[in-house]
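# Report on the structure
Listed below are the residues making up each chain.
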Amino acid sequence: MKRIIFSALGCLLALYSFGQKISLSGTVRDAGSGESLIGVNIFDPKAGKGAVTNNYGFFSYSVFEPKVDLIISYVGYESLKLSLTLERDTVLNLELEQAGLLGEVVVQGERSDPIQESTSMGLVNVPIREIKNIPALMGEVDIFKVLQLLPGVQSGAEGASGLYVRGGSPDQNLVLLDGVPVYNASHLFGFFSVFNADAINNVELIKGGFPARYGGRLSSVIDISLKEGNMKEFQGEGSIGLISSKLTLEGPIVEDKTSFLISGRRTYLDLVARPLIRNATDGQEDVGYFFYDVNAKVNHIFDSKNRLYLSYYGGDDVAYSEYNRSWENSAEGERIESREDAGLGWGNQIAAIRWNHIFNQRLFANFTGTFTNYKFNLFSEYEDFFTDIPTGTVTRDFYSADYISGIRDFALKADFDFIPNPDHYVRFGAMIIDHRFTPGVFVAVESDRPETREGADPSDSREYSFYLEDDFGLGKRFKFNLGLHFSGFLAENNRYSSLQPRAAMRYLIDESSSIKFSYVQMAQFVHLLTNAGLGLPTDLWVPATDQFGPQESWQVAAGYFKNLGNGLEFTAEAYYKDMTGVIEYEDGASFLNTSTDWQDNVTSGVGRSYGVELLLQKKTGRTTGWVGYTLSKTERRFEEVNFGEWFPFRYDRRHDISVTAVHKLSDRIDLSGTWVFGSGNFVSVPTQRYQNATSVINDSNTNYQGLYLDYYESRNNFQMRNYHRLDLGINFHKEKKWGNRTWNISVYNVYSRLNPFYIDVTYNFETQRNQLRQFSLFPIVPSVSYRIAF
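Given the structure is predicted, the values throughout are model-derived calculations rather than measurements. (Residues numbered from 1 in each chain as written. Predicted model: local features only at pLDDT ≥ 70, side-chain atom pairs only at ≥ 80, totals over all residues. Heavy atoms only, no water.)

A cluster of nonpolar side chains, Leu564, Leu616, Val627, Val659, Trp675 and Tyr751, forms an exposed patch at the surface whose accessible area comes to about 470 Å². Here Tyr751 lies in the loop between strand 45 (739-748) and strand 46 (756-764). With a relative accessible area of 38%, Tyr751 lands in the partly exposed category. (Patch = residues over 30% accessible without salt bridge, like charges linked within 9 Å, V, L, I, M, F, W, Y side chains within 5 Å. Areas by Shrake-Rupley, 256 points an atom, 1.4 Å probe, with all protein chains shown as cover. Salt bridge = Lys/Arg side-chain N within 4 Å of Asp/Glu carboxyl O. Helix = DSSP H or I, 4+ residues; strand = E, 2+ residues; numbered from the N terminus. Buried < 20%, exposed > 50% of the residue type's maximum accessible area, 1.4 Å probe, protein only.)

If you want it as structure tokens, here you go:
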């Protein structure tokens, strides 16, 4: 396979080396901060062609005449017009100024962010400024909650930050932070994501039509880039909210040469509650929860062709309970001191080193080494000291139990961008990952007894991939993105490989509209075993084995894309996705069952999802936002579940609507609002109840445990009530001598809709029927936060 890829690459290089004229390349950055700008359009109106900056602000464009006029445009920035006379290959390092309100709309007649021209399908970019302005639960801005407002993306349970994309599960999302996979992206038991919006530069979501450079997951790619750090001046921003505070600092170490970024966030629920709990328990008990995360980055420019990045993320969630007490037992003549601790913790450690190198005006390279470690720990211990009062002899009794799981990766990858001419954009590269899985180990230590250990031993595996893709045009109307992604997986005696073709086509109907088609195959060699749909940290990551192989899927999509002008865009996409190798726990199985192999507790099946997604988005002007609608159906089938018949996926939502708007009243006040509607989630409810012939009724006839057996006609046979909610927010901005301050007031669930969180089923012995009881989580929740920028 390696030989095929490099042979194809050699043919491309040879083919494209003829007939080239003058190459124009360089970078585009923010004039105020020096930050690289991603997705800037460099357009040649005479030729009707152009280029787009990559994730590091690099572009390359070839011209065939010495005189060329270019328009450089980017939403939210002043457009730049250049008239150049070129005699040789030229390097341009450009800077764009941020636009004011009236300058956000690009000059009429010129095209900005041409959604109808690219081959991309299922791709959405959400501006960070939009994310920060949308009303937030408890005042905590959350990237994932904004992504949940897009068509084809479901939220799962009320308030949760998990993403269910086009019928997929959370483990089928490739979440990248500066190119490094994040295995658990949730804080606060799934209610917030780990991403601090103040430290983020760009967020890109891909739901389908995946280019060949992405692999390893079935449903989506969430590619998040950290800020690079201001190269010009020292800056900072921070906020104080109801549950957490955060601070971000950035600036030059050496101006225009080296910059840094550091950002931190922490909740203080435990600090507020601690004195209250201690006072109520006479200082004997301490219960709390907190999370924190830290982002750091250093960016160094060696010269015009070499750049180095170092980035780091660390975050933890900790829930704990501590109980201390002491007393005297007069009858036994002893004093007893007792301590009990319990809790759980989980978190990620992520690091990356990245070297950008420009070989020449047409070839750009990115070499990366990464480390990621996700760990979960559930613990309980007690310690008693018995002091014999007459003699002073101390006896110690001790017991501790720990449950540990996690996954650790080391990875190396190389990515190349080759732009031989305006009609071709070639990408190729390779990656290797060293995985270590710890799918669940239970360790117990007791006084005067040897340590006991149950569960699977850590296992190592290797994953590798190669890819080659070309985004090219044929004439003015047709454009294609064709590629191959080859991946392999080695674990113990198991070897898997997968060749995944990727194809996308765009046909330009006219200057402002197009139709697109795509077909992709994907493979995933890691599985997530989950007991619930909340993204809880008890979920276990496990590798593909000989018993349960990789997950695989294919997806086909077609769409219509229209640029309506004045920053308004419309897209309509239809898709069908087929999945195999999907696994989940069998009925009654648990992650805590360490006495057996995890493979004995799960079953494998298939899934399918299809639907239509509509999106109307406004990107510029005083009012921005979008309206999205999804009509879809998602099903699963397992041989050992539901009699082998298809059943609706728990988060199958037939209808999903979202309306999001941000309106700038003035430079000092802006308003925002979101309204969402979704069909109810599916749950399993028993349809009949039978007496257990083997049960024994006691004399009082009050112990009904084991007396009845529930019968479920089918899996997920009951649909909960529809979900809908309105959120509103207002920002008050004011310039100060030291910078800017913003007061944000948000109201979550304005009309206090009691949306279903889960359903409890009880049996009424008088009526001999089931009674369903709905539990709701969030009524109306007002919040306030104070933000500063300097």
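Here the narrative resumes.
The full count for this structure, using the stated rule, is seven cavities of 30 Å³ or more. For the largest cavity, the calculated volume is near 440 Å³. Considering the residues around the largest cavity, the lining is formed by 37 residues, among which Lys145, Gln148, Leu149, Ser155 and Arg725 are closest to the centre. Among the elements of the structure, helix 3 (143-147), strand 9 (153-154), strand 38 (655-664), strand 39 (669-678) and strand 44 (723-736) are those that each provide at least two residues to the lining of the largest cavity. Of the residues that constitute the lining of the largest cavity, the class distribution is 18 nonpolar, 10 polar and nine charged. (1 Å grid on protein atoms, 1.4 Å probe; cavity = no way out; pocket = protein on both sides within 12 Å on 5 of 7 lines; lining within 4 Å. Points joined across faces, edges and corners; volume = space filled by probe spheres on them. Nonpolar A, V, L, I, M, F, W, Y, C, P; charged D, E, K, R; others polar.)

Attention now moves to the pattern of salt bridges. Applying the stated rule across the entire model yields 37 salt bridges. One salt bridge in this structure joins Asp178 and Lys297, with 3.0 Å as the shortest N-O distance. Remark: Lys297 occurs in strand 20 (residues 285-303) and Asp178 occurs in the loop between strand 11 (173-177) and strand 12 (180-181); sequence separation between them is 119 residues. Judged by relative accessible area, Asp178 falls into the buried class, the value being 7%. Between Asp727 and Arg725 there is a salt bridge, with the nearest N and O atoms lying 2.9 Å from each other. As far as burial versus exposure is concerned, Asp727 and Arg725 are alike and both buried. When salt bridges that share partners are traced, they join Lys132, Asp198, Lys227, Glu237 and Glu250 into one network.

A few words now on the environment of Met720. When you line up the elements, Met720 lands in the loop between strand 43 (718-719) and strand 44. Linking Met720 and Asn681, residues 39 residues apart in sequence, is a C-alpha distance of 5.5 Å. Contact partners of Met720, with chain neighbours within four places excluded, come to Gly680, Asn681, Val683, Pro756, Phe757, Tyr758 and Ile759. (Contact = heavy atoms within 4.5 Å.)

Before going further, it helps to examine the packing of aromatic side chains. Counted by the stated rule, this structure contains 32 aromatic pairs. When the centroid spacing of 5.1 Å and the interplanar angle of 40° are considered together, the rings of Phe371 and Phe410 count as tilted. Within this pair, whereas Phe371 is found in strand 23 (residues 363-388), its partner Phe410 is found in strand 24 (residues 394-421), the two being separated by 39 residues in sequence. Judged by its relative accessible area of 26%, Phe371 falls in the partly exposed class. Residue Phe410 is classed as partly exposed on the basis of its relative accessible area, which comes to 45%. With a centroid separation of 5.0 Å and an interplanar angle of 55°, the aromatic rings of Phe478 and Tyr507 are classed as tilted. Placement of Phe478 in strand 28 (residues 478-491) and of Tyr507 in strand 29 (residues 494-510) is noted, with a sequence separation of 29 residues between them. (Phe/Tyr/Trp six-rings, centres within 6.5 Å; stacked < 30°, edge-to-face > 60°.)

The subject of this paragraph is the nonpolar core. Formed by 74 residues in total, the largest nonpolar core has its most connected members in Phe144, Leu147 and Phe195. Beyond its immediate stretch of four places on either side in the chain, Leu147 contacts Val126, Val153, Leu163, Val203, Leu205 and Ile222. Within the second largest apolar cluster, 21 residues are counted, among which are Ile22, Val68, Tyr77 and Leu82. (Core = buried A, V, L, I, M, F, W, Y, C linked by side-chain atoms within 4.5 Å.)

Attention now moves to the sheet that holds strand 5 (residues 67-73). Sheet architecture is open: four strands sit in the order 3-2-5-6, paired in antiparallel fashion. Each edge of the open sheet carries a strand with a single partner, namely strand 3 (49-52) and strand 6 (80-85). For this sheet, the mean angle separating the axes of adjacent strands, direction not counted, is 20°. Pairing of strand 2 (residues 41-44) with strand 5, which is carried by three bridges, proceeds in the antiparallel orientation. Bridge pairing in strand 5 links Asn41 to Ser73. (Pairing = 2+ DSSP bridges. Axes fitted to C-alpha atoms, helices over the stretch in contact; angles between N-to-C directions.)

Our focus in this paragraph is the sheet that holds strand 1 (residues 22-30). Strand order across the open sheet formed by three strands is 4-1-7, with mixed pairing between neighbours. Of all strands in the sheet, those with a lone pairing partner are strand 4 (58-63) and strand 7 (90-96), marking the two edges. Direction aside, neighbouring strands of the sheet carry axes that sit 25° apart on average. Pairing geometry for strand 1 and strand 4, over six bridges, is antiparallel. Of the residues in strand 4, the one forming a bridge with Ser23 is Ser62.

This brings us to the confidence of the model for the protein chain. Overall, the predicted model of the protein chain reaches an average pLDDT of 85, with 89% of residues at or above 70. When mean pLDDT is taken per element in the protein chain, strand 30 (residues 513-524) scores highest with 96 and helix 1 (residues 2-16) scores lowest with 48. Under a pLDDT of 50 for its full length, residues 4-9 has, in the predicted model, five contacts with residues more than four places off or in other chains. Throughout residues 696-705 the model reports pLDDT below 50, and contacts reaching past four residues in sequence, or to other chains, amount to three contacts. (pLDDT = per-residue confidence, 0-100.)

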